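# What the coordinates show
Chain residues, written in single-letter form:
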Amino acid sequence: MYLTRGSHFVGIAGVVALKARRSSKRKRNGLLTKTTELKDSDYNIIQTLLDRKNSHYCPQTFSDGDKVALVIEGGGLSGAITGGLVTAIHDLGLTESFDAIFASSSGVPAAAYLLAGTPEIGATIFPEDLVDGRFLNLKRLTKYYARKIGQEPPAMDLDYIFGILDGTGVRNDKTLDVNKVINSRVPLKIVVSDLDERRAKIIEGFKSREEFLMYMRASCLVPGTAGRPIRDAKGHRLVDAKITRFNPVQHALDEGYNKILLLSPRPEGSRLWPKGVKGRLMDKMAIHLIRLVADSYHEGREFVRLAKDGARINEAEVAAATCDQRVMFLGLPSNHRRILSTEMNAKVLQKAMLTAY
């Protein structure tokens, strides 16, 4: 395993340790300045989490008058970073200090492994199993749509990663205990994009293992890149949350949560959508590939407009949320280079994951 416990405190572990010790300088070998810059309200959120842990708080009772949510942003293979962050939360015993978890895209598996009690296993999937070309290979994109749909895997093969999750794939030592997730006292709220309703939707209250895995798959399904949309019981086409609301923090605010810990694979202070040439090209391609799952040219144009509007609105929501007194942002240090969603270097993912932890 790449992720080891107890060796050092960074990320949220360091912040909580600093708060608990009440250091007068609020620094520990420069850790605070390298990791994050805390608002005054951030200390209040941290204190609430610690108080709930010490009092053995029961989620969803709101006995202290607060509604506390954990929000996990997606990010493709950069989800290794949020995997490191949720492992720190688990190791600190803070999982049940939250009343709900909101997650989208690759943040959903991270949340699921956290609720199952094995977040370190979920985190290591990224650098160990998803970087050898079997899961993501953009060269397969043209072959998949050149009249060969269904005959070979799409560019992003979700069957491969979900085979690992349910123990039926290339390995069975990283199986996700879905029953623990479904029966957890902390509800998991999955964000998906409904193409037929043209909006983001929250899915919760899962009744079976199959239903949970279906919606988790839908939240990770980048249209065009990962194949055809998944249809729910109503026949609606569901795809990756990135199309409408990539970062679900606004959902938590809309539901009245007044203390929110936002986990992101991005460096602090960075935009939701990357500025670099490579990052912009990848996101532009992802937006326009949505045309391939439309039933008509006109609908394809509507989908592209939906994705562009969603990106613009969600960018504004996240920018406002990071300044909101109710939200504490936690990601990579501001001086850390951004890890793209298509990063295939195992050492880069491993280092970023450990930095987050």
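What this report covers is the structure whose coordinates are included nearby. (Residues numbered from 1 in each chain as written. Predicted model: local features only at pLDDT ≥ 70, side-chain atom pairs only at ≥ 80, totals over all residues. Heavy atoms only, no water.)

### Notes on the nonpolar core
The line we're drawing: To qualify as a nonpolar core, a set must consist of buried Ala, Val, Leu, Ile, Met, Phe, Trp, Tyr and Cys residues joined through side-chain atoms within 4.5 Å. Summary of the burial criterion: residues with accessible area below 20% of their type's maximum are buried, those above 50% are exposed, and those between are partly exposed, where the area comes from a 1.4 Å probe applied to protein chains only. Contacts are residue-level and defined by heavy atoms, with any inter-residue pair within 4.5 Å sufficient.
Phe212 and Met216 are the most contacted members of the largest nonpolar core, which has 84 residues in total. In this view, Phe212 contacts Ala112, Leu176, Val178, Val181, Ile182, Leu188, Ile190 and Phe206; residues no more than four positions away in its chain are not counted. If you look at the next biggest cluster of nonpolar residues, it comprises 14 residues, including Ala100, Val249, Ala321 and Val327.

### Some details on unusual backbone geometry
Under the convention used in this document: The secondary structure listing takes helices from DSSP runs of H or I that are at least 4 residues long and strands from runs of E that are at least 2 residues long, numbered from the N terminus.
Its identity is not glycine, yet His56 carries a phi of approximately 55 degrees, on the positive side. By relative accessible area, which is 70% here, His56 ends up exposed. Not every positive phi belongs to a glycine, and Phe62 is a case in point at roughly 55 degrees. As for its placement among the helices and strands, Phe62 is situated in the loop between α3 (40–54) and β1 (68–72). We classify Phe62 as partly exposed; its relative accessible area is 29%.

### Section: the pairing of β1
Put simply, the rule is: By this definition, two strands are paired if DSSP reports at least two bridges between them.
In terms of burial, β1 is a largely internal element, five of the five residues being buried. Residue alternation in β1 divides its side chains into two sets, Val68, Leu70 and Ile72 and Ala69 and Val71, and both sets are buried. As paired strands, β1 and strand β7 (residues 259–267) are joined by five bridges and run parallel to one another. Within β7, the position partnered with Leu70 by the bridge is Leu261.

### Let's talk about helix α6 (residues 119–129)
Extensive coverage of α6 is indicated by the burial of ten of its eleven residues. The complete set of buried residues in α6 reads Pro119, Glu120, Ile121, Gly122, Ala123, Thr124, Ile125, Phe126, Pro127 and Asp129.

### Focus on the packing of helix α8 (residues 158–165) against helix α10 (residues 209–220)
Keep this limit in mind: All axes here are fitted lines through C-alpha atoms, helices being fitted over the stretch that makes contact, and every angle between N-to-C directions spans 0 to 180 degrees. Our angle categories are set so that under 35 degrees counts as roughly parallel, over 145 as roughly antiparallel, 65 to 115 as roughly perpendicular, and the remainder as oblique. Throughout, a crossing is termed right-handed when the near helix is turned clockwise from the far one, and left-handed when it is turned anticlockwise from it by less than a right angle. Each residue gets one of three labels, nonpolar for Ala, Val, Leu, Ile, Met, Phe, Trp, Tyr, Cys and Pro, charged for Asp, Glu, Lys and Arg, and polar for the others, Gly among them.
Contact geometry of α8 with α10 gives a least axis separation of 12 Å together with a crossing angle of 140 degrees. The pairing of α8 with α10 is recorded here as oblique in orientation. Read as a crossing pair, α8 and α10 show a hand that is right-handed. Across the interface between the two elements, Leu158, Asp159, Phe162 and Leu165 from α8 touch Leu213, Met216, Arg217 and Cys220 from α10. Partitioned by chemical class, the residues of the contact of α8 with α10 number six nonpolar, no polar and two charged.

### A short note on helix α4 (residues 79–91)
Note the cut-off: Take the residue count of a helix, subtract one, and multiply by 1.5 Å to get its expected span.
End to end, α4 covers 18 Å across 13 residues, agreeing with the expected 18 Å (1.5 Å per residue, within 8%). Within α4 the residues assigned to the buried category are Gly79, Ala80, Ile81, Thr82, Gly83, Gly84, Leu85, Val86, Thr87, Ala88 and Ile89. A positive phi of about 70 degrees marks Gly93, the residue just after α4.

### Focus on the pattern of salt bridges
Basically, it comes down to this: Salt bridge, as applied in this entry: a Lys or Arg side-chain nitrogen positioned within 4 Å of an Asp or Glu carboxyl oxygen.
This model, assessed by the stated rule, comprises 17 salt bridges. For Asp196, the salt bridge identified is with Arg237, shortest N-O distance 2.9 Å. Taken together, the residues Asp196 in the loop between β3 (188–194) and β4 (199–203) and Arg237 in strand β6 (residues 237–239) connect sequence positions 41 residues apart. Given a relative accessible area of 32%, Asp196 falls into the partly exposed group. Under the relative-accessibility criterion, Arg237 is labelled buried at 4%. Residue Arg245 is joined to Glu317 by a salt bridge in which the shortest nitrogen-to-oxygen separation is 2.7 Å. Taken together, the positions of Arg245 in the loop between β6 and α11 (249–254) and Glu317 in helix α13 (residues 297–323) put the pair 72 residues apart, joining distant regions of the chain.

### Details of a positive patch on the surface
This is how the line gets drawn: Grouping into patches uses exposed residues only, defined as over 30% relative accessible area, and leaves out salt-bridged ones; the cut-off is 9 Å for like charges and 5 Å for nonpolar side chains (Val, Leu, Ile, Met, Phe, Trp, Tyr). The accessible surface values rely on the Shrake-Rupley method and a 1.4 Å probe; as for residues, cover is taken only from the protein chains in view. A positive count includes Lys and Arg, and a negative count includes Asp and Glu. His and the chain ends are not counted in either. Each charge is placed at NZ for Lys, CZ for Arg, CG for Asp and CD for Glu.
A cluster of like positive charges, contributed by Arg291, Arg301, Arg305 and Lys308, occupies part of the molecular surface. For Arg305, the location among the structural elements is in helix α13.

### What to know about the environment of Ile121
Within the fold, Ile121 resides in helix α6. The class for Ile121 is buried, based on a relative accessible area of 14%. When the C-alpha atoms of Ile121 and Lys174 are compared, they prove to be 6.1 Å apart, with 53 residues separating the residues in sequence.

### Things to note about the pairing of strand β8 (residues 327–332)
By the criterion of burial, β8 is predominantly enclosed, with six of the six residues buried. By the bridge criterion, five bridges tie β7 to β8 in an arrangement that is parallel. If you follow Pro267 over to β8, its bridge partner there is Leu332.

### Some remarks on the packing of α6 against helix α14 (residues 346–356)
Closest axis-to-axis distance for the α6/α14 pair is 8 Å, and the angle between their directions is 155 degrees. Between α6 and α14, the interaxial angle falls into the category roughly antiparallel. Contacts between α6 and α14 pair Ala123, Thr124, Phe126 and Pro127 from the former with Ala346, Leu349, Gln350 and Met353 from the latter. Of the residues assigned to the contact of α6 with α14, the class counts are six nonpolar, two polar and no charged.

### Looking at the packing of aromatic side chains
Where we set the bar: Whether two aromatic rings pair depends on their centres lying within 6.5 Å, for rings of Phe, Tyr and Trp, where Trp uses its six-membered ring; planes under 30 degrees apart make the pair stacked, over 60 edge-to-face, and the rest tilted. Placement of a charge over a ring requires the Lys NZ or Arg CZ to be within 6 Å of the ring centre, with the centre-to-atom vector within 35 degrees of the ring normal.
The full count for this structure, using the stated rule, is three aromatic pairs. Of the aromatic side chains, those joined through ring pairs into one cluster are Phe206, Phe212 and Tyr215. When the ring centre of Tyr57 is taken as origin, the NZ or CZ atom of Arg52, which lies over that ring, is 3.8 Å away. Over the ring of Phe162 we find Arg217, and its NZ or CZ is 5.5 Å from the ring centre.

Any link to function would need more than the numbers given here.
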